[in-house]
Amino acid sequence: MTAAERDAISAAKGLVLFNTTTNTLQINEGDATTANWLSLTAATCGLSIGDTHQGGIIFYLDASGCHGLIAAPSDQSTGIRWYAGTFGNTQAKGDGIYAGKANTSIIIAAQVAIGDDGDNYAARLCNELIISEGGTEYGDWYLPSKDELNLMHENIGQGNALGLGNVGNFSNSFYWSSTEYGSYDAWEQNFGNGSQNYFPKDLTTNVRAVRAF
């Protein structure tokens with residue numbers, strides 16, 4: 001891929017592509033309108049997107065190649081609601097990389113004040129997840145933000161931006177993000193075609209937890 005071709009792509013922040021001119025993996029640290037491509041080197045840590053690592057599957061690496069985001073290896077639910085039983089504005093508005101962790105904490109705290117009927121919901125489900133690997137328990141999972149959800153679709157899902165295929169084994173269905181749209185709706189992504197839209201919080205759909213490392 002030439003520099004001109006690369007910069008012509010309207011890519012989500014965090015999207016990784018292979019530059020055939022320099023024979024390096026490059027990650028977009030900009031956004032959908034302004035690309036800022038940085039080369040990735042995995043020599044120091046030996047990690048790659050699609051690897052199994054610390055309880056899940058790597059779907060994002062930062063410029064160091066040693067830190068990033070991991071998706072749980074399977075769905076936590078195929079039909080769970082976003083809210084805790086009462087509509088209201090939680091102020092969980094973060095939509096970027098790493099924003100899902102704060103969103104998850106905000107949702108849980110806000111739903112206590114707004115109204116929590118005691119049944120499970122997406123943010124709580126992810127927050128309480130524990131996955132063991134190699135004798136280590138990983139319990140710092142959260143509901144991904146809108147952009148984090150899209151990176152999963154693009155890099156280890158049906159988006160297939162890296163040519164890895166659907167290594168995350170995502171279904172052709174909708175997945176909740178932690179990014180709230182308003183009092184009655186939150187953002188979801190269709191993992192079949194990659195589209196994002198907002199839906200009522202009482203809708204029951206898929207959830208895949210993530211964690212930072």
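What counts, and where the lines are drawn
Residues numbered from 1 in each chain as written. Predicted model: local features only at pLDDT ≥ 70, side-chain atom pairs only at ≥ 80, totals over all residues. Heavy atoms only, no water. Buried < 20%, exposed > 50% of the residue type's maximum accessible area, 1.4 Å probe, protein only. Helix = DSSP H or I, 4+ residues; strand = E, 2+ residues; numbered from the N terminus. Pairing = 2+ DSSP bridges. Disulfide = S-S within 2.5 Å. Contact = heavy atoms within 4.5 Å. Polar contact = N/O pair within 3.5 Å; in protein donor to acceptor, adjacent residues only side chain to side chain.

Which residues make up the pairing of strand β11 (residues 185–190), and what values go with them?
Most of β11 sits out of view: six of its six residues are buried. Across the two faces of β11 the burial is the same, with Asp185, Trp187 and Gln189 and Ala186, Glu188 and Asn190 all buried. Pairing analysis gives four bridges linking strand β10 (residues 174–180) to β11, with the strands arranged antiparallel. Across the sheet, residue Tyr175 finds its bridge partner in β11, namely Gln189. In this structure, the hairpin formed by β10 and β11 is closed by a connection of four residues. Bridging between β11 and strand β12 (residues 196–200) involves five bridges; their strand directions are antiparallel. By the bridge assignment, Glu188 is partnered in β12 with Asn197.

Just give me the short version of the state of the cysteines, but keep the residues and values in it.
If you walk through the whole model with that rule in mind, you get one disulfide. Put simply, Cys45 and Cys66 are joined by a disulfide, and their sulfur atoms are 1.8 Å apart. Judged by the sign of its S-S torsion, about 90 degrees, the bond between Cys45 and Cys66 is right-handed. Of the two residues, Cys45 sits in the loop between β3 (37–40) and β4 (52–53) while Cys66 sits in the loop between β5 (56–61) and β6 (68–71), which places them 21 residues apart along the sequence. Residue class for Cys66 comes out buried when judged on its relative accessible area of 19%.

Tell me what's going on with unusual backbone geometry, and back it up with residues and numbers.
The backbone of Gln54 sits at a positive phi, close to 45 degrees, despite the residue not being glycine. Within the element layout of this structure, Gln54 appears in the loop between β4 and β5. Despite not being glycine, Tyr98 shows a phi value in the positive range, around 75 degrees. Looking at the element boundaries, Tyr98 is found in the loop between β7 (77–80) and α2 (99–114).

Which residues make up the environment of Val207, and what values go with them?
With respect to the secondary-structure elements, Val207 resides in strand β13 (residues 205–207). We classify Val207 as buried; its relative accessible area is 0%. A C-alpha to C-alpha distance of 5.7 Å links Val207 and Trp176, two positions 31 residues apart in sequence. Dropping the residues within four chain positions of it, Val207 is found in contact with Asp75, Gln76, Ser77, Ile80, Ala122, Leu125, Cys126, Leu143, Tyr175 and Trp176.

Requested: an account of the side chain of Asn190, with residues and values cited.
Tracing the chain through its elements places Asn190 in strand β11. Engagement of the side chain of Asn190 in a polar contact is seen with the backbone nitrogen of Gly192, the distance being 2.7 Å. With residues near it in sequence (within four places) discarded, Asn190 still touches His153, Ser173, Phe174 and Ser195.

How would you explain the sheet that holds β4 if you had to name every residue and give the values?
Taken together, four strands build an open sheet; the order of strands is β4-β5-β6-β14 and the sheet is antiparallel. The sheet terminates laterally at β4 and β14 (210–212), the two strands that pair on one side only. When β4 meets β5, the two strands line up antiparallel, connected through two bridges. Paired with His53 across the two strands is Gly56, which belongs to β5.

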